[in-house]
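Each chain, letter by letter, is given below.
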Amino acid sequence: MLLLPRRLKRWFHRFTLADQSYRFLFEPGPEDEVVAVDCETTGLDVSKDDIITIAAVKVRGNRILTSEKFVAVARPEAKMNAEAIKVHRLLESDVEGGERIRQIMRDFLHFVGGRPLVGYYLEFDVAMIDKNVLPLIQIELPNRMIEVSEMYYERRYGNAQPGEQIDLSFVRMLHELGIPMLDQHDALNDAIMTAEAYVALKDMKERGVRFARRRGESSGA
């Protein structure tokens, strides 16, 4: 099976969009705006598990627009995975009154529009979203993706020496950026913290600033 890069898929999907009312997804969003997104799920198997909460917050320049947020609780068909419950602490009784995922996806797509999506290990969240978007409009999300762990890696380890220990954990990244830790594994909190990391890392890149090296680390080239 031929796997196309997302940029080529975007070009192809522009002409194969089933519902033309969603053509706005291919239009550029407002200048210098992105959307930070996070999902909590019943488990980590994209083929079997479901989204239970999805949250997103808009970022304009270096401002996080917490007043322009999207939060939804879905009623999943899949059973809750015990390990997932330990992470997000949501029980089936907590989500049984949630909305149907199809309506949530409609609202989510209108909230996001053509803006780039920002996330931490965004590939999984997008795969879960695509799973539910495909039946709705017969294409995957066409939005550009911005991965904050890659931004952090470039600022923190871009000149690392062979053998240097690399830590891309969410907690470490926030600590080094001086971002207060909110209650983690809450979709909205995670989206807000991801947005804060994006703003800080984007600012570092624009100013040409890298993280100071820790004691014992080589300075690199």
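What you are looking at is a predicted structure, and each value in this text was computed from that prediction instead of being measured.

Each value, and the rule that gives it
- Residues numbered from 1 in each chain as written.
- Predicted model: local features only at pLDDT ≥ 70, side-chain atom pairs only at ≥ 80, totals over all residues.
- Heavy atoms only, no water.
- Pairing = 2+ DSSP bridges.
- Helix = DSSP H or I, 4+ residues; strand = E, 2+ residues; numbered from the N terminus.
- Axes fitted to C-alpha atoms, helices over the stretch in contact; angles between N-to-C directions.
- Contact = heavy atoms within 4.5 Å.
- Phe/Tyr/Trp six-rings, centres within 6.5 Å; stacked < 30°, edge-to-face > 60°.
- Buried < 20%, exposed > 50% of the residue type's maximum accessible area, 1.4 Å probe, protein only.
- Lys NZ or Arg CZ within 6 Å of the ring centre and 35° of its normal.
- pLDDT = per-residue confidence, 0-100.
- Left-handed = near helix turned anticlockwise from the far one by under 90°.
- Nonpolar A, V, L, I, M, F, W, Y, C, P; charged D, E, K, R; others polar.
- Parallel < 35°, antiparallel > 145°, perpendicular 65-115°, else oblique.

Bringing the pairing of strand S3 (residues 63-73) into the picture now. By the bridge criterion, eight bridges tie strand S2 (residues 51-60) to S3 in an arrangement that is antiparallel. Bridged to Arg60 within S3 is Arg63. What sits between the antiparallel neighbours S2 and S3 is a turn of two residues, in which Gly61 has the positive phi angle 65°.

A separate point is the sheet that holds strand S1 (residues 33-41). Taken in spatial order, the five strands line up as S3-S2-S1-S4-S5 in an open sheet, and their pairing is mixed. The open sheet has two edge strands with one neighbour each: S3 and strand S5 (145-147). For this sheet, the mean angle separating the axes of adjacent strands, direction not counted, is 25°. Here S1 pairs with strand S4 (residues 117-119) via two bridges, running parallel. Bridge pairing in S4 places Val35 opposite Leu117. Relative to S5, helix H6 (residues 148-157) is tilted by about 50°, and along the sheet it contacts S4 and S5.

Attention now goes to the packing of aromatic side chains. Throughout the structure, instances matching the rule amount to eight aromatic pairs. A ring pair is formed by Tyr152 and Tyr157, whose centres lie 6.1 Å apart and whose planes are at 85°; its orientation type is edge-to-face. Across the pair, Tyr157 and Tyr152 agree in class, each one buried. What links up through ring pairs into an aromatic cluster is the set Tyr152, Tyr153, Tyr157 and Phe211. Taking NZ or CZ as reference, Lys58 lies 4.7 Å from the ring centre of Phe111, over its face.

A few words on the environment of Lys205. Within the secondary structure layout, Lys205 lies in helix H8 (residues 187-207). For Lys205, a relative accessible area of 59% gives the class exposed. Lys205 sits 50 residues away from Arg155 along the chain, and the two C-alpha atoms are 7.3 Å apart.

This next bit is on the confidence of the model for the protein chain. Overall, the predicted model of the protein chain reaches an average pLDDT of 86, with 81% of residues at or above 70. Averaged pLDDT values over the elements of the protein chain bottom out at 52 in helix H2 (residues 82-88) and peak at 98 in S4.

Our focus in this paragraph is the packing of H6 against H8. Direction vectors running N to C along H6 and H8 enclose 35°, while the axes themselves pass 10 Å from each other. The chirality of how H6 crosses H8 is left-handed. Facing Val148, Met151, Tyr152 and Arg155 of H6, the residues of H8 in contact are Thr194, Tyr198, Leu201, Lys202, Met204 and Lys205. Each residue belonging to the contact of H6 with H8 can be placed in one class, and the counts come to six nonpolar, one polar and three charged.

Following both chains from N to C, one finds helix H4 (residues 101-112) and helix H5 (residues 122-137) inclined at 90°, their axes separated by 10 Å at the closest point. Accordingly, the angle class assigned to the pair H4 and H5 is roughly perpendicular. When H4 is examined against H5, the residues Ile101, Arg102, Met105, Arg106, Phe108 and Leu109 are found in contact with a partner set consisting of Ile129, Asn132, Val133, Pro135, Leu136 and Ile137. For the contact of H4 with H5, the class distribution of residues is nine nonpolar, one polar and two charged.

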